[in-house]
Structure formats: C-alpha cells, structure tokens
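Descriptive analysis of the structure
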Amino acid sequence: RDAALRSRKLRSNLRQLTLSNADPQGKGIEKLVLPDNIADVEVLNLGNNALREVPANVLQGSLLPSLRVLILRRNRLTCLPAPVCELKGLVELDLSHNLLTGLADQGIDRVSSTLKKLCVSHNKLKCLPPEIGALSQLEELDASFNDICQLPESLCRLSRLRTLDVDHNKLASFPVQMLKMVNLEELDLSGNKMLALPLEIKFLQSLKVLWLSSSKISCLPATFCELTNLESLMLDNNGLSGLPRHFGNLQKLKMINLSSNLFEEFPDVLLQLLELEELYLSRNRLTAVPETICKLSKLVTFWVDNNRIRYLPDAIVELVNLEELVLQGNQIAILPDNFGKLSRVNIWKIKDNPLIQPPYEVCMKGIPYIAAYQKELAHSQPAVKPRLKLVLMGLKDAGKTALRHCLTDSVQEIPIVVSNKGIEVTNWVADAAKGLTFIVYDLAGDHNYDMIKSFFLSPGALYVLVVNLKVYISKLFYSYVGCFLHLISAKVPRAVVCIVGTHTDLCDEQELEEKCLDIHHQIALQEKKYSEFLQSLAQNVDDALGQDYDIRSSSPLAAFYGVTNKNLRRKKAHLQFLLNNRLQILSPVLCVSCQDFSNIRRLKEKLMSVAEHWEIFPNLHRVLPKSWQMLEELHLKRQELWLTWWDSARLGLQAGLTEDRLQSALSYLHESGKLLYFEDSLTLKEYVFHNLTKLIDILNVFFHRDATVLLQKLLNDTCMDELRATQL
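Residues numbered from 1 in each chain as written. Predicted model: local features only at pLDDT ≥ 70, side-chain atom pairs only at ≥ 80, totals over all residues. Heavy atoms only, no water.

1. What about the overall build of the protein?
For clarity, the cut-off: Helix and strand labels come from DSSP, where a helix needs a run of H or I of at least four residues and a strand needs a run of E of at least two; each type is numbered from the N terminus. Under the scheme applied here, a residue whose accessible area is under 20% of the maximum for its type counts as buried, over 50% as exposed, and between as partly exposed, the area being computed with a 1.4 Å probe on protein chains only. Note on contacts: a residue pair qualifies if any of its non-hydrogen atoms lie within 4.5 Å across the two residues. Note on areas: Shrake-Rupley, 1.4 Å probe, and residue coverage restricted to the protein chains presented here.
The number of helices and strands found in the protein is 16 helices and 25 strands. With 728 residues in all, the protein has 50% of them scored as buried. Long-range contacts, defined here as pairs at least 24 residues apart, represent 50% of the contacts in the protein between residues at least 6 apart. Surface accessibility of the protein: about 34800 Å² in total, with carbon and sulfur atoms responsible for 51%.

Set out below in structure tokens:
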C-alpha cells in the first residue's frame, strides 16, 4: 500500500527519488519496494535507513537505466553492496557514515567506469585497495575520517582526480604517491600527524586548495613557495613559528589560516599577498599588528583573537572592506580614532580586553556605537573620574566593618563598630590629589544575605576577602576562604582578590605565619583542583567533537547526547575562557589589626598601588564624555527607590544620550559602583536601581526578616509620605 501511494505521487518525468521507511525503533527497513515507472530516476537516495544490506531486486540496472547518483550514506553497511557494481552509468556514489572495513573484496574495480565522485568518509577503512586505480574517470574522492595508514601506489593512475580528501586518518607522512598527481586541485590532509612536507611538493602545481590543519608541521620547505596557484591554505593548529622568505610568491592566495601556531611576530611576508581576503591568526603569541597592514586592501576577514596584542595601528581603519574583525582575548586598551570607517564590519568580537578608550561597554555594542562615542568625545569636554569599586567579603565577625572604618575614617582611632547592620556602601577618598575614590561595598557575612551577594559583584572591582585569623582553622578553610573564591570566580572571572587577615593582635607570630601559609597552600590546592576539573571537562568535549554526531545521538547514555558540534565548540571556548581567566589572588596574606595603624597604612598603600595598574583596572583611567557624567548626576537627583528603564532613558535624553547609547553608560555606572543595572537579567534589566542608600536599607531589613524595622525606616525618611510607606 505504501509503495502504491508513493507511486501515485510520482510525476511522469521523475528525476529524484528518496525512500525512507525505517521503523521507529531504528531496526531498519524489512523490505524495500520501489514504485513502478522509475526508469527516469537519476538520483536515488536510500540514506538514513539503518540498512545492513541492499537487496539485489532494488538496484537492478534494468529498472534504473538513467540512474546517475546513488546515496547510501548513514546506514549500517559493512561492505560494498554487490548490486552497486552492476549499475552502469553511475556518476556519483555516496557510502559515507557506514561501517565499511574494506572495499577490495567487494569489487570496487567493478563499479561503473563512468564514476566521477566517490565518498567513503566516516567509515572504518584501514586502507584503500589497489583496485581503486581502475576508476579512471574519478574526479572527486573523499576518504576522510577513517583509519587509513597508507595509500596505494595505484592512486597516481587517477589522472582525472581533482579533489582528494583523506583528512583525519592515520597517515604518518606525506604520501609520495600524491606527488605524481599533477592535476590535483584540492587536497585535504588535515588531522594526520605528518610532521613535515617533502621538497617535492612543488610538483603539485595545479593545487588551488590545500588543507594541512592539525598535522604537527613545524616548518614549511622553501619549495612550498612554488605552489603559485594556491588560493586557499589551511595551516592552523600546527607548530609553525615562521614562514619561508619567498612566501609572498603565492600571489593568488585569497585565504590563509595560521591560527593555533607559535608566531610571536606578525609574518611580514603576508603583507605581500595583495589578493588576500581572509586572514586568520588566532591563538598565537603576537604582540602587535604592523602599521603596514593597510597594504592588504582587499581584506574582508581578519581574526587575531587570543594573542598578546597591546594596541592596534592607526592604519587598520583604512581596511574599509573588512566585514569580520575578531580581537577578543588580547591586551588592547585603546582603539584608534576614526574607527567608524570600518562601517562594513558585521562580525565584531572585542571582549576580554582591558579597554579604556572607548569604554568596554561601548565597544561591546559594535562599530556604530564606537563611532558615535568617538564623535561625541571629539566635540565635548571629557571628564576623568578615577574611582574604583572595592568589595569587602568574609564571614560574620571577620572584622569587615571595623576594617572599613579604619580605611575610610580620616581620624586614626580605634573604631567603635555596631555589627550586623548588613550591607553598607561608603565613599573613601584615598588620594585627594589624584582624585582617587573607592566606593566601598561592605557585604554582610550573615548567611541570610547569601542569595543576593552576587548582585553586588561586578567586573572591574577590587575584592578584599577578610579572614579572622584568631578563629581560622585549616579544616574549615572552605567556609572561611574557599567558598568566597568560588563565588567570585563564578561571577567575575579574572577578578583581583586581596586576602586580609584580621585580629592579628590576638595571635602570636608563629600562629600568624602558620595560618597564613596554610591559607596560601589551600588556595593553591583549590585552584589546581578546579583547573584540573575544567581541563577534564574540556577534554571530554574534545573527545565528543572527535566522534561523529551519529554516535553521540545513538543513545541517551552517550556523553553530550544530541549536542551539536556548534554547541560543543561554544562549551569548549567557555571552558577555555575560564581556564585562561583564573582569579588573580594577591600574595601574601596582609595581616592587620585595628590596634596597629601602621599595618592599616600599608594596606591602604597596597590597595592604591594595585588600583593604579591600568591593565588591571582600566575603569580608573577612562576618559568619559560629559554626557556620561551628566547622566550620573541626573540619576542621583531622583528620589524614587528605583527608575524604570524608560525613566532612565528620558534622563539620558536630557544628558544628550540616545536610547541606543544609554545602555553603555548605565553598564559603566554599574561597574564603577554608582548604581545597579542588571542588563543580563530578563526581568531586572527593565529597572535602574540608582538610589543605593534606600535600596540597601530595604534589603538589610528584609533579610533580617523584620518588617517593623523596615516600616520605621521608611517613616523616618522625610522624603516619603506615610501612606506610601504603609503601602510598601
């Protein structure tokens, strides 16, 4: 009945037929029945059917006289189906993603002499049979992702072969047979550990596309430069640190990938490749991009992410054809002026750089926002406001509040501290001459506050972890120190953390030394353990990427079941980011006591010294437009507990900021500690918490679970009427 239904749907001039009749349990097709009148079928697709064999009655040459393309991919074939050899006139045969272990015994030489394209990738082949040389008309051969250790001598008899893919096999050296294939135009040998290329590679004069990724090649022979017809070259994930002197001879080259190598300097010979459109130099050790990069005027794609580049040349803005510019993971602080010239860029990645000018928040929005910012900065009087968010963390009774008073009070006297007030925010003018101000967040140590502590952690802050050394014991390290480091690293990768030990006047010298050493030792152990954990996760992702997607999707018990390669690569990139951006924990533990102001003074000097490093805290050195400063002042004048985003947008318009540029300014004010704006939260991003004093008062009372005290605080506020307070 099913066959009859399919037959009725066929047009009289049918050219392509796909049969898919696998049962829901994936056991495959019990019986294949072709519809009638299929003499005109040119393409027959039997893929994705879990077939273990193909019945002879299905592939009868007399029934399919016009057949040119046969697709048997993604089945469970262990050998070449015999009926395939009887098909005359076959031009293309796809046997990929099966379980083939060999081709010789099944008579590959008897396959149609008209065959032009053969795909046997993603199988279990250990070699290609000598008989493959009989396929005299073959133009494309794909044997990638197998276990092939060597290629047959007969391969060079395939004089018409234009494309050869043998990537991701087990070839231990460059196959010499290929050197005779002078008509070869595309060659992929990626994923084979060949170590080196022969001098005779120059004989492959017709090559236009050459892929040698992940081949453990440490240098290229000088004769490589004689492959003058090359247009696309993949050399990523090797051990290259330089290119041959005459590499510039490859004048037809349009794409080259040199990512994941060992280049410490930009290869100047690349600047001679005037036809170059795509250049990938990601994950190397570059420290600079040359001013002469503008010579590559046809460049459309430029990736130099995850290097050590400290600045970009002014001439980069002359690459007006750029559409992709990837700079993330470098040490770039300032972007060149006139960046708006790069208006065609639509793929733009700049995160994980210590950006000062323009601010990080602007750069993340894209090139148009950078251009608007630079234009505004050029026509307004910039304002430098050096201030830094300082976050005090630690358990209850660690001495955070007393330490805050010692840091912020101008009078040197032992503070009288009322504990258990909750979260408090104080301004500390650390250096009046330089105008350096710390906005100090004293986070409550009470566990009632644990669920909201993360709201007050932000990038660009300096974190001080306070530990009561008198009561600290080694077996409770995680409670006193480890859990806080985990919280900070999860919320703010690469954060700077200073460990401060308090109550030192209650400890003798030996006790202090032993406890400080124990803290450092256990921090190192925790960091090592966590790094090893991340590395094991990254290795698991690598192993999954090395498998075929079909294997991952075969069982719910398989690792990363159903996860696509794209999402796996994203996960790997995130894990690598976490590995590369571990916490920056200052050493040694700074021991202080509110009884000894000489130690407090040394702590102040240490904090100011760390803050002045622009590479660590770019916020402190930013030149901001006047509109950003005005936006802050307008927010501080409002008396509401919070503003909606639209209320804030109206204030932005008063300051001269359009809606699309407002978010950058709000993100900066959040990072510097002047207000709270959670742009990553679907709910909270609709609000701006500008009145921190009132907000924190409410949070403190709420998390003390005392509504009466909350109401009293609201009633005591002269700016709030009784009815509104009662409603709240």
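2. With respect to empty space enclosed by the protein
Worth spelling out the cut-off: The rule is simple: put a 1 Å grid over the protein atoms alone, call a set of points where a 1.4 Å probe fits but cannot get out a cavity, call an open set with protein on both sides within 12 Å along at least five of seven lines a pocket, and count a residue as lining if it has an atom within 4 Å of a point. Grid points are joined across faces, edges and corners, and a volume is the space filled by probe spheres set on the points.
Counted according to the given criterion, the structure contains two cavities of 30 Å³ or more. By volume, the largest cavity is sized at about 50 Å³. Together, Val362, Tyr369, Tyr373, Glu376, Trp628, Leu657, Arg661 and Ser664 line the largest cavity. In terms of residue count, helix α3 (residues 367-378) provides more of the lining of the largest cavity than any other element does, three residues in total.

3. Some words on the pattern of salt bridges
Inclusion rule: A side-chain nitrogen of Lys or Arg and a carboxyl oxygen of Asp or Glu constitute a salt bridge if their distance falls within 4 Å.
According to the stated counting rule, one finds 19 salt bridges in the structure shown. The closest approach of N and O atoms between Glu92 and Lys117, which form a salt bridge, is 4.0 Å. With Glu92 in strand β4 (residues 92-94) and Lys117 in strand β5 (residues 117-119), the pair connects residues that are 25 residues apart, well separated along the chain. Judged by relative accessible area, which is 26%, Glu92 ranks as partly exposed. Note on Lys117: relative accessible area 32%, which makes it partly exposed. By sharing partners, the salt bridges in this structure join Glu92, Lys117 and Glu140 into a single network.

4. Digging into the pairing of strand β17 (residues 387-393)
Inclusion rule: The pairing criterion is simple: DSSP has to find at least two bridges between the two strands.
Burial of β17 is extensive: seven of the seven residues sit out of reach of the surface. Because side chains alternate across β17, one face comprises the buried residues Arg387, Lys389, Val391 and Met393, and the other comprises Leu388, Leu390 and Leu392, equally buried. Here six bridges tie β17 to strand β19 (residues 436-442), and the two strands are oriented parallel to one another. Along β19, the bridge assignment pairs Leu390 with Val440. Across four bridges, β17 lies against strand β20 (residues 462-468) in parallel orientation.

5. Quick notes on a positive patch on the surface
Inclusion rule: What goes into a patch is any residue over 30% in relative accessible area without a salt bridge, connected to like charges within 9 Å or, for nonpolar side chains (Val, Leu, Ile, Met, Phe, Trp, Tyr), within 5 Å. Counted as positive: Lys and Arg. Counted as negative: Asp and Glu. His and the chain ends are not counted at all. The atom standing in for a charge is NZ when the residue is Lys, CZ when it is Arg, CG when it is Asp and CD when it is Glu.
Among the surface-exposed residues, Lys349, Lys351, Lys566 and Arg570 lie close enough to one another that they form a single positively charged patch. For Lys351, the location among the structural elements is in the loop between β15 (347-349) and α2 (360-363). Residue Lys351 is classed as partly exposed on the basis of its relative accessible area of 36%.

6. Focus: the side chain of Ser282
What counts is decided by this rule: Polar contact is defined as a pair of N or O atoms within 3.5 Å, subject to the rule that within protein one atom must be able to donate a hydrogen and the other to accept it, and that residues adjacent in sequence are counted only when both atoms are side-chain atoms.
With respect to the helices and strands, Ser282 occurs in the loop between β12 (278-280) and β13 (301-303). Only 2.4 Å separates the side chain of Ser282 from the side chain of Asp305, close enough to count as a polar contact. With near-sequence residues (within four places) excluded, Ser282 lies in contact with Ser259, Ser260, Trp303, Val304, Asp305 and Asn307.

7. With respect to the nonpolar core
Under the convention used in this document: Here, nonpolar core means buried Ala, Val, Leu, Ile, Met, Phe, Trp, Tyr and Cys residues that are tied together by side-chain atoms lying within 4.5 Å of each other.
If you look at the biggest cluster of nonpolar residues, it comprises 130 residues, and the most contacted ones within it are Phe224, Phe247, Phe302 and Phe339. Listing elements by their share of this core, those giving two or more residues are α2, α3, α11 (626-637), α12 (645-655) and α13 (659-671). Sorting elements by how many residues they give to this core places α13 first, with five residues. Phe339 has contacts with Leu312, Ile316, Val317, Leu325, Trp348, Ile367, Ile370 and Gln374, leaving out every residue within four places of it along the chain. If you look at the next biggest cluster of nonpolar residues, it comprises 43 residues, including Ile452, Phe477, Ile519 and Leu583.

8. Points about a negative patch on the surface
Together, Asp508, Glu509, Glu513 and Glu514 give the surface a local cluster of negative charge. Counting through the fold element by element, Asp508 comes out in the loop between β21 (496-502) and α7 (509-546). The class for Asp508 is partly exposed, based on a relative accessible area of 45%.

9. What to know about the pairing of β20
Across a regular strand the side chains alternate sides, sitting on one face of the sheet and then on the other. Most of β20 sits out of view: seven of its seven residues are buried. Going residue by residue along β20, you find Leu462, Val464, Val466 and Asn468 tucked away on one face and Tyr463, Leu465 and Val467 tucked away on the opposite face as well. In the sheet, β20 pairs with β21 via seven bridges, with the strands oriented parallel. Of the residues in β21, the one forming a bridge with Val466 is Val500.

10. Section: the packing of aromatic side chains
Note the threshold: Working definition: rings of Phe, Tyr and Trp (its six-membered ring) pair if their centres are within 6.5 Å, and the pair is stacked with planes under 30 degrees apart, edge-to-face with planes over 60 apart, and tilted otherwise. Over a ring means this: the NZ of a Lys or the CZ of an Arg is within 6 Å of the ring centre and within 35 degrees of the ring normal.
For the structure shown, the criterion picks out 12 aromatic pairs. A ring pair is formed by Phe224 and Phe247, whose centres lie 6.4 Å apart and whose planes are at 0°; its orientation type is stacked. Highlighted residues: Phe224 in the loop between β9 (209-211) and β10 (232-234) and Phe247 in the loop between β10 and β11 (255-257), separated in sequence by 23 residues. Just as Phe224 is buried, Phe247 falls in that class too. Where Trp428 meets Phe438, the ring centres are 4.8 Å apart and the plane angle is 20°; that geometry is what we call stacked. With a gap of 10 residues between them, Trp428 in strand β18 (residues 424-431) and Phe438 in strand β19 connect regions that are remote in the sequence. One exposure class covers both Trp428 and Phe438, and it is buried. Among the aromatic residues, those joined into a cluster by ring pairs are Tyr373, Trp628 and Tyr668. It is Lys351 that lies over the ring of Phe577; its NZ or CZ is 5.9 Å from the centre. It is Lys389 that lies over the ring of Tyr441; its NZ or CZ is 4.6 Å from the centre.

11. Observations concerning the sheet that holds strand β22 (residues 584-591)
Cut-off, in case you're wondering: Here, axes are lines fitted to C-alpha atoms. For helices the fit covers the stretch in contact, and angles between N-to-C directions go from 0 to 180 degrees.
If you trace the six strands from one edge of the open sheet to the other, you get β18-β19-β17-β20-β21-β22, paired in mixed fashion. Either end of the sheet is taken by a strand with one partner, and the two such strands are β18 and β22. Between one strand axis and the next, the sheet turns by 25° as a mean value, whatever way the strands run. One ladder, built from seven bridges, connects β18 with β19; its direction is antiparallel. Looking at β19, one finds that Asn427 is bridged to Ile439. Along the sheet, α7 makes contact with β20, β21 and β22, crossing β22 at roughly 170°. Contacts between helix α10 (residues 597-611) and the sheet are confined to β17, β18, β19, β20, β21 and β22, with β22 contributing the most and set at about 165° to the helix.

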